[in-house]
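# Report on the structure
What follows is each chain in one-letter form.
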Amino acid sequence: MARAIGSQGSPLIHSLRWRLLLMVAAVLAIALGAVGLLSSQAVKVELRQFLQTHDPPLDLAPVGADLTSYRLRTGGWAGARRLLEPAARRMERNLLILDPAGRLAAASDPEELYEKVESEGGGERLSIVLRDDRGVRSELQLVSPPRLLLRDPEGAPLGVLVVLPPPPGPGAPGRFVVRVNRALLLAGLAAGAAGLLLSFALSRRILRPVEALTAAARRMESGDLSQRVEASGRDEIAALARAFNAMADRRATAERLRRDLVSDVAHELRSPLTNIRCQLEAFQDGLIPPDAAASSLHEEALLLEQLIDDLQELALAEAGQLELERAPLGLREEIGQAVQALRPRLDEAGLRVEMEAPADLPTVDADARRIGQILRNLLGNALTHTPPGGTIRIRARAAGREVEVTVEDTGPGIPPEHLPFLFERFYRADPSRSRTTGGAGLGLAIVKQLVEAHGGRVWVESEPGRGAAFGFSLPVPQEPAAMSALPR
């Protein structure tokens with residue numbers, strides 16, 4: 001089962017790194033913006049309430065009218081405290097009355113608390129010394145405090161009503177700070193919750209493909225090699241999904257080849273061993289003469305020896321332990337020698353060989369014996385699949401820093417589904433597995449390993465009904481730099 005992995009979007013955010021960065025930036029912006037907005041509104045509300053509570057508007061006219069009426073009725077300020085106390089509680093301030101000479105005449109608090117009251121300019125400047133009921137002494141210096149001149153109907157001064165600053169009240173600023181901090185904490189929690197929800201939503205969208213990929217990997221680990229994930233998009237996770245699919249394909253192929261290897265080796269060994277057993281039984285029963293049995297047994301032994309040698313050579317090449325005797329080598333001459341080695345078989349099959357190799361073909365640094373083996377394997381493969389009267393073409397050319405060699409036949413061609421596996425060991429496109437049509441299935445695998453051991457590459461091109469072309473390339477060694485003249 002394949003699951004979609006990857007994302008489609010703007011080319012600017014295909015990278016997972018940029019998507020995560022944008023996600024974090026968006027969360028931070030939203031969180032900071034929410035904290036700023038909520039805290040700003042909270043501070044405004046708390047400050048307004050604080051000011052309304054602790055700095056109420058002062059309307060001295062009503063209490064001034066009551067005090068003026070009281071002064072005119074009683075002729076003095078004795079007993080005026082009972083008028084000042086309600087107004088002081090309402091305003092949350094202490095009130096004083098100074099007589100026209102600037103002396104303390106009445107107060108909303110007990111007058112004995114005021115140790116000294118000095119006034120200048122009709123209450124414009126006040127110097128007050130207070131002593132509370134515990135004997136703690138404090139001093140106030142006031143300039144232009146809120147005040148109201150009290151006059152009789154003819155305008156004669158009766159005194160001055162002075163409003164003192166609010167009492168220290170240590171709990172009021174603290175309560176304001178506590179409320180503001182509480183509002184900020186709630187704003188931060190709300191913004192943090194919003195950021196977490198947004199982060200969860202975005203991370204879930206980003207990590208869902210990773211979870212699907214992990215689940216597929218675990219199922220593959222348990223032995224289900226059919227697991228694949230659907231990769232879409234161009235970000236890192238989509239690239240990882242494609243790499244996972246490629247790995248899964250390769251592992252499935254390796255597992256299939258591993259299973260086929262045991263079967264193929266058993267098949268390749270069974271045929272000659274069966275022939276040997278039959279020949280021995282026939283010889284024991286007197287059905288064939290000793291000379292015929294010996295000849296047949298010798299052929300089967302040679303076949304077994306060749307199969308074992310091919311397997312050993314292939315194992316050494318795959319393990320990187322194949323020893324190469326490198327030397328400058330001309331491929332034109334090697335191609336000619338390979339053709340001559342197979343000339344009897346080519347003539348017997350009625351095949352024509354065409355060779356195109358320029359005389360100035362660059363030399364390569366290679367093992368002549370191994371290159372000859374590569375050419376003979378490719379020519380033998382073409383000979384097997386080319387019908388009588390057909391043509392085998394061998395082309396060699398320089399291509400950049402490489403020399404490319406191709407062997408083309410005019411056989412039936414190879415179906416496209418077989419092309420990726422032709423260089424695997426024991427692989428044959430012919431399902432009949434006959435030696436006359438497919439050999440042991442090791443020739444092309446040996447070609448691939450020998451070419452790669454020389455630092456080259458192999459390929460195959462074919463269309464059904466139009467023959468096949470097997471090719472390989474070998475690197476051309478760098479020319480040594482010219483030595484500079486030595487100074488005399």
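The structure contained in this document is the topic of the report that follows. (Residues numbered from 1 in each chain as written. Predicted model: local features only at pLDDT ≥ 70, side-chain atom pairs only at ≥ 80, totals over all residues. Heavy atoms only, no water.)

### A look at the overall build of the protein chain
To be explicit about the condition: Runs of E in the DSSP output that reach at least two residues are strands. Runs of H or I that reach at least four are helices, and both are numbered from the N terminus. A 1.4 Å probe rolled over the protein chains alone gives each residue an accessible area, and that area as a share of the maximum for its type sets the label: buried under 20%, exposed over 50%, partly exposed in between. Contact definition: two residues touch when any of their heavy atoms are within 4.5 Å. Computed with the Shrake-Rupley method and a 1.4 Å probe, the accessible areas treat only the protein chains shown as cover for residues.
Across its full length, the protein chain carries 11 helices and 16 strands. A total of 488 residues make up the protein chain; the buried ones form 35% of that total. Here the analysis covers contacts within the protein chain between residues at least 6 apart in sequence; of these, 63% occur between residues at least 24 apart. In the structure as shown, the protein chain presents an accessible area of about 28,700 Å², 57% of it carried by carbon and sulfur atoms.

### Notes on the pairing of strand β13 (residues 391-399)
The following threshold applies: At least two DSSP bridges between two strands are required for those strands to pair.
Alignment of strand β11 (residues 352-356) against β13, held across 5 bridges, turns out to be parallel. When the sheet's bridge partners are listed, V353 is paired in β13 with I392. Bridge count between β13 and strand β14 (residues 402-408): 7 bridges; the pairing is antiparallel. Bridging from a neighbouring strand, R393 pairs with E408 of β14. Counted between consecutive antiparallel strands, the loop separating β13 from β14 contains 2 residues, among which G400 sits at a positive phi close to 70°.

### Some remarks on the environment of L72
By the secondary structure assignment, L72 is in helix α2 (residues 60-74). Distance from L72 to P153, taken between C-alpha atoms, is 9.5 Å for residues 81 residues apart in sequence. Once residues within four sequence positions are removed from consideration, L72 is found in contact with D152, P153 and L158.

### Topic: the pairing of strand β7 (residues 147-151)
The sheet contact formed by β7 and strand β8 (residues 157-163) spans 5 bridges and is antiparallel. Its bridge partner lying in β8, L148 is registered against L161. In sequence, β7 turns back onto β8 through a hairpin of 5 residues, with G155 there showing a positive phi of about 95°.

### Focus: the nonpolar core
Counted only if it meets this: Put simply, a nonpolar core is a bunch of buried Ala, Val, Leu, Ile, Met, Phe, Trp, Tyr and Cys residues held in one set by side-chain atoms that sit within 4.5 Å of each other.
Within the largest apolar cluster, 48 residues are counted, with the highest numbers of intra-cluster contacts made by F470 and F472. By residue number, the principal contributor to this core is helix α9 (residues 368-385), which donates 7 residues. When neighbours within four sequence positions are excluded, F472 is seen to be in contact with I374, L375, L378, V403, E404, V405, V451, R457, V458 and W459.

### Observations regarding unusual backbone geometry
Here the phi dihedral of S144 falls at roughly 50°; this positive angle occurs in a residue that is not glycine. Given a relative accessible area of 40%, S144 falls into the partly exposed group.

### A few points about the pattern of salt bridges
Test applied: We count a salt bridge whenever a side-chain nitrogen from Lys or Arg sits within 4 Å of a carboxyl oxygen from Asp or Glu.
Using the criterion set out here, one finds 16 salt bridges in the structure. Two residues, R393 and E354, come together in a salt bridge whose shortest N-O distance is 3.2 Å. On the criterion of sequence distance, the pair formed by R393 in strand β13 and E354 in strand β11 is long-range, its members being 39 residues apart. Between R457 and E402 there is a salt bridge, and its shortest N-O distance comes to 3.3 Å. Residue R457 is found in strand β15 (residues 457-462), and its partner E402 is found in strand β14; the two are separated by 55 residues along the sequence. On the basis of relative accessibility, which here comes to 38%, the residue R457 falls in the partly exposed class.

### Details of α2
For clarity, the threshold we go by: The span one expects for a helix is its residue count, reduced by one, times 1.5 Å. The arc in question is the one spanned by the directions pointing from the helix axis to the C-beta atoms. Whenever a nitrogen or oxygen atom comes within 3.5 Å of another N or O atom, the pair is scored as a polar contact, on the condition that within protein one atom can donate a hydrogen and the other can accept it, and that pairs from neighbouring residues in sequence are kept only if both atoms are in side chains.
Over its 15 residues, α2 extends 21 Å from the first C-alpha to the last, a length consistent with the 21 Å expected when each residue adds 1.5 Å. Regarding α2, the residues found buried are L60, V63, G64, L67, T68 and Y70. The arc that holds the buried residues of α2, viewed along the axis, is 165°, so those residues lie on one side. Those residues of α2 that are exposed and aimed more than 90 degrees away from the buried face are A61 and R73. Against α3 (81-91), β2 (95-98), β7 and β8 lie the buried residues of α2. Sitting at the amino-terminal end of α2 is D59, which places a side-chain oxygen 3.5 Å from the backbone nitrogen of A61.

### Notes on the packing of α2 against α3
Put simply, the test is: Helix axes use the C-alpha atoms of the stretch in contact, all axes being lines fitted to C-alpha atoms, and the angles between their N-to-C directions lie in the range 0 to 180 degrees. An angle counts as roughly parallel when it lies under 35 degrees, as roughly antiparallel when it exceeds 145, as roughly perpendicular when it falls between 65 and 115, and as oblique in every other case. Polar here means any residue outside two lists: the nonpolar Ala, Val, Leu, Ile, Met, Phe, Trp, Tyr, Cys and Pro, and the charged Asp, Glu, Lys and Arg; Gly therefore counts as polar.
In the contact formed by α2 and α3, the axes pass within 10 Å of each other and the chain directions differ by 175°. In terms of orientation, α2 and α3 fall into the roughly antiparallel class. Counted together, L60, V63, D66, L67, Y70 and R73 of α2 and R82, L83, L84, A87 and M91 of α3 form the full contact between these two elements. Of the residues assigned to the contact of α2 with α3, the class counts are 8 nonpolar, no polar and 3 charged.

### Here's the deal with the packing of aromatic side chains
One pair of aromatic rings is described through two measures. These are the centre distance and the angle between the planes. Put simply, the rule reads: Two rings from Phe, Tyr or Trp (for Trp, the six-membered ring) form a pair when their centres are within 6.5 Å of each other. A pair whose planes differ by under 30 degrees is stacked, one over 60 is edge-to-face, and the rest are tilted.
Per the counting criterion, the structure on display carries 1 aromatic pair. Ring geometry for F423 versus F470: centroids 6.1 Å apart, planes at 75°, classification edge-to-face. With F423 in the loop between β14 and α10 (435-438) and F470 in strand β16 (residues 468-475), this pair connects stretches of sequence that are 47 residues apart. For F470, a relative accessible area of 5% gives the class buried.

### Examining helix α11 (residues 443-453)
Note that an α-helix has 3.6 residues per turn; residues three or four places apart therefore point the same way. Three or more residues of α11 are buried, namely L444, A445, I446, V447, Q449, L450 and V451. Following α11 by one or two positions, G455 has its phi on the positive side, about 85°.

### Things to note about the sheet that holds strand β5 (residues 125-131)
An order of β4-β5-β6 is seen for the 3 strands of this open sheet, with the pairing classed as antiparallel. Of all the strands in the sheet, the pair left with one neighbour each is β4 (114-120) and β6 (137-143). With direction set aside, neighbouring strand axes in the sheet form an average angle of 10°. In the sheet, β4 pairs with β5 via 6 bridges, with the strands oriented antiparallel. Following the sheet pairing, E118 is matched in β5 by S127.

### Structural notes on the packing of helix α7 (residues 331-341) against α9
Cut-off, in case you're wondering: Should the near helix be turned counterclockwise from the far one by less than a right angle, the crossing is left-handed, whereas a clockwise turn marks it as right-handed.
Contact geometry of α7 with α9 gives a least axis separation of 9 Å together with a crossing angle of 50°. Taken together, α7 and α9 sit at an angle that is classed as oblique. Here the hand of the crossing between α7 and α9 comes out right-handed. Seen from α7, the contacting residues are L331, E334, I335, A338, V339 and A341; seen from α9, they are A368, I371, G372, L375, R376 and L379. Classifying every residue of the contact of α7 with α9 gives 9 nonpolar, 1 polar and 2 charged.

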